[in-house]
Amino acid sequence: MPTNDQVMQALATVQDPEIGKPITELDMVKNVRIEGGVVDLEITLTVPGCPLKDKITKDVTQAVKTLGGVDRVDITFGSMTEQQRGALAERLRGGAQKAPGGQPVIPFAQVDSDTKVIAIASGKGGVGKSSITTNLAVALAQDGYEVGVLDADIWGYSIPRMMGVQGRPVAFNGMVMPLQGHGVKVISIGFFIDAERPVIWRGPMLHRALQQFLADVHWGDLDFLLCDLPPGTGDIAISLAQMLPNADMLVVTTPQQAAQRVALRAGQTTAQTGMKVAGVIENMATFIAPDTGREYRIFGEGGGQLLAAELNTELLGSIPIDLRLREGADAGTPLVLADPDAPASHRLVEVARRIAKTKTRGSLVGKPLPLKF
C-alpha cells in the first residue's frame, strides 16, 4: 500500500485547470486516508460548483491509481471559505494588491518580472496581424514556453475564434482566470460580452479594460505575453505603452508600399512611448503555387525590408500566402498545428524561435542583491 507521502507526491502532479498550479501547492487536498486498497481524500475547490470538477476528478484518480496497491479512489468535494480564498488570492498576487495611490499592480511592469511582453501592431487592418499573433503564440508554446495572449483589440476582437476558445472566465476575490487553448492562456473582451454586440467605448473605458486584463487576470509565470493590438496608433496602443514601457513591438505589414507607409507610422510611435521595435514581419509576401512550387509576388516586394530599415530593426520573416492560414483561423486551429509542414508554418516557427532567442532570464538590472556583511 502507498504511504500518505506517496499519495501527496502523486497529487502534486495534478494541476488546478484554471489556476495552472499543483493542487497540493494551492492547499486543495485535505484528509487523505488509505485503507484496504482504497484512497479516500477531500478536495477543496476554489469556488462552489467549479465547472471543471469532473476534470479534477479524472486527473486525481489517474494520478493516484499509478501507485501500486490502489484499487479505488474516493473523492469528496468541498469549497474554500472566503478567508481561504482571500489568502490564496493574495498569495497568487505575490502579496501586493495595490501600488501607491491605489492603482492595481501590473506584474509585467515590475523590475523582477521574467515575462517578455511583445505588442504586435500594424498600421492598417487586414494584414493578418491576429493570425500572426496566434500562430506565434502556439509555436512558442510547442517549444515549451509558457505563453499568454492578450486580445487588446477591444473593438475588433478575434483571438477567441482563432484560438478555438469559448466560455466565460471564472473569477474569485477580484482575480480572473484566463481560458486556455492549444497550451496558451487567453483573455479577450469577447469572453465577457455578447458576440453580436458591438463595443462602443472611448479612451477611459479602453484604458480601464486593458489595465484590468493586465492586473486582475491571473496569468501565472509566463515566459511570453503577446498583446494583439488594434490597427493604428490609437488609445489602446498609447495606454499599453504607458503601462508597459519596457515592452517590445513587432510590426506586421504586407509588401505593398501603401501598407508599408502606414505601418511605418505605427512603428514610429515607439519613439514617443519608450517601447522598442523588435522586428518586422512581412505577411502575404508571396504566393507559392501548389502545383509547381513557384513563388509569385502578388502584392509587390521589398516593403518589409524597407520598413525594417526605416525603423532601424530587422525583418524577422516573410510569410507566404496560404489559404490554410485563413481556414485555420476560422476553425480555431492555427496553421502551425493544423499543418506543421506547410511553408508558412515553417516560416512562422522560425520567427517564433528568433523571438525566443531575444528573451533573457535572470537579469539583475533593478533588482536588490542579497548582500551579507
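Use the structure listed above.
The rules behind the values
- Residues numbered from 1 in each chain as written.
- Predicted model: local features only at pLDDT ≥ 70, side-chain atom pairs only at ≥ 80, totals over all residues.
- Heavy atoms only, no water.
- Helix = DSSP H or I, 4+ residues; strand = E, 2+ residues; numbered from the N terminus.
- Buried < 20%, exposed > 50% of the residue type's maximum accessible area, 1.4 Å probe, protein only.
- Contact = heavy atoms within 4.5 Å.
- Areas by Shrake-Rupley, 256 points an atom, 1.4 Å probe, with all protein chains shown as cover.
- Phe/Tyr/Trp six-rings, centres within 6.5 Å; stacked < 30°, edge-to-face > 60°.
- Core = buried A, V, L, I, M, F, W, Y, C linked by side-chain atoms within 4.5 Å.
- Salt bridge = Lys/Arg side-chain N within 4 Å of Asp/Glu carboxyl O.
- Pairing = 2+ DSSP bridges.
- Axes fitted to C-alpha atoms, helices over the stretch in contact; angles between N-to-C directions.
- Arc of directions from axis to C-beta.
- Parallel < 35°, antiparallel > 145°, perpendicular 65-115°, else oblique.
- Left-handed = near helix turned anticlockwise from the far one by under 90°.
- Nonpolar A, V, L, I, M, F, W, Y, C, P; charged D, E, K, R; others polar.

Enquirer: Whenever I open this one, the overall build of the chain confuses me. Can you help?
Expert: For the chain, the count of helices and strands is 13 helices and 14 strands. By the burial criterion, 48% of the 373 residues in the chain qualify as buried. The long-range share in the chain, meaning contacts at least 24 apart out of those at least 6 apart in sequence, stands at 74%. Roughly 18,200 Å² of accessible area belongs to the chain as shown, and the carbon and sulfur atoms make up 50% of that amount.

Enquirer: I would appreciate a short explanation of the packing of aromatic side chains in the present structure.
Expert: The geometry of an aromatic ring pair is captured by the separation of the ring centres together with the interplanar angle, meaning the angle of the planes. Evaluation of the coordinates by the stated rule reveals 2 aromatic pairs. Residues Tyr 145 and Phe 224 carry aromatic rings whose centres are separated by 5.3 Å and whose planes lie at 80° to one another, so their mutual orientation is edge-to-face. Here Tyr 145, found in the loop between helix H4 (129-142) and strand E5 (147-151), pairs with Phe 224, found in strand E10 (residues 224-228); they are 79 residues apart in sequence, far enough to count as distant. Since its relative accessible area comes to 0%, Phe 224 is described here as buried. Each ring, one from Phe 192 and one from Phe 213, has its centre 6.4 Å from the other, and the planes form 25°; the classification is stacked. One end of the pair, Phe 192, is in the loop between strand E9 (184-188) and helix H6 (203-215); the other, Phe 213, is in helix H6, and 21 residues separate them in sequence. Taking relative accessible area as the criterion, Phe 192 reaches 33% and is therefore assigned partly exposed. Classification of Phe 213 as buried rests on a relative accessible area of 6%.

Enquirer: So what exactly am I meant to see when it comes to the nonpolar core here?
Expert: General note: in soluble globular proteins, nonpolar side chains tend to be found buried as a group. Grouped together as the largest cluster of nonpolar side chains are 78 residues, with contacts concentrated most on Leu 136, Leu 150 and Leu 214. Residues Ile 23, Leu 41, Cys 50 and Val 73 belong to the second largest nonpolar core, which totals 31 residues.

Enquirer: Mind showing me how you'd approach the environment of Asn 4 here?
Expert: Within the secondary structure layout, Asn 4 lies in helix H1 (residues 4-11). Residue classification places Asn 4 among the partly exposed positions, given a relative accessible area of 39%. Separated by 30 residues in sequence, Asn 4 and Ile 34 place their C-alpha atoms 7.5 Å apart. In contact with Asn 4, not counting residues within four places along its chain, are Val 32 and Ile 34.

Enquirer: Would you take a moment to explain the pattern of salt bridges for this structure?
Expert: Here the structure, examined in full by the defined rule, presents 15 salt bridges. Notably, a salt bridge pairs Glu 82 with Arg 85, separated by 2.5 Å at the nearest N-O pair. Residue Glu 82 and its partner Arg 85 are located together in helix H3 (residues 82-92), separated by 3 residues, close to a single helical turn. Judged by its relative accessible area of 55%, Glu 82 falls in the exposed class.

Enquirer: Help me understand the sheet that holds strand E1 (residues 29-35) in this model?
Expert: The strands that make up a sheet pair up through hydrogen bonds in the backbone, lying either parallel or antiparallel. If you trace the 3 strands from one edge of the open sheet to the other, you get E1-E2-E3, paired in mixed fashion. The open sheet terminates on both sides in strands that have one partner only, identified here as E1 and strand E3 (72-79). Strand-to-strand twist across the sheet, computed as the mean angle between neighbouring axes with direction ignored, equals 15°. Note that strand E2 (residues 38-45) and E3 share 8 bridges and pair parallel. Residue Ile 43 lies in a different strand from E3, and its bridge partner there is Phe 77. Across the sheet, helix H2 (residues 53-65) is in contact with E2 and E3; its angle to E3 comes to roughly 140°.

Enquirer: Can you walk me through helix H11 (residues 323-331) in this structure?
Expert: It helps to recall that an α-helix has 3.6 residues per turn; residues three or four apart then point in one direction. Where H11 is concerned, the buried positions are Leu 325, Gly 328 and Ala 329. Projection of H11 onto a plane perpendicular to its axis shows the buried side chains occupying an angular sector of 100°, all on one side. Of the exposed residues in H11, the ones pointing more than 90 degrees away from its buried face are Leu 323 and Ala 331. The inward-facing, buried residues of H11 abut H4, helix H5 (159-163), strand E12 (276-288), helix H12 (335-338) and helix H13 (343-357). Just past H11, the residue Gly 332 takes up positive phi, approximately 85°.

Enquirer: What's the story with the packing of H4 against H13 in this structure? I'm lost.
Expert: Interaxial distance between H4 and H13 falls to 9 Å at its minimum, and their mutual angle equals 65°. On the basis of their axis angle, the class for H4 and H13 is roughly perpendicular. For the crossing formed where H4 meets H13, the hand is right-handed. Contacts between H4 and H13 involve Ile 132, Asn 135, Leu 136, Ala 139 and Leu 140 from the first element and Leu 348, Val 349, Val 351, Ala 352, Ile 355 and Ala 356 from the second. Residue classes in the contact of H4 with H13 are distributed as 10 nonpolar, 1 polar and no charged.

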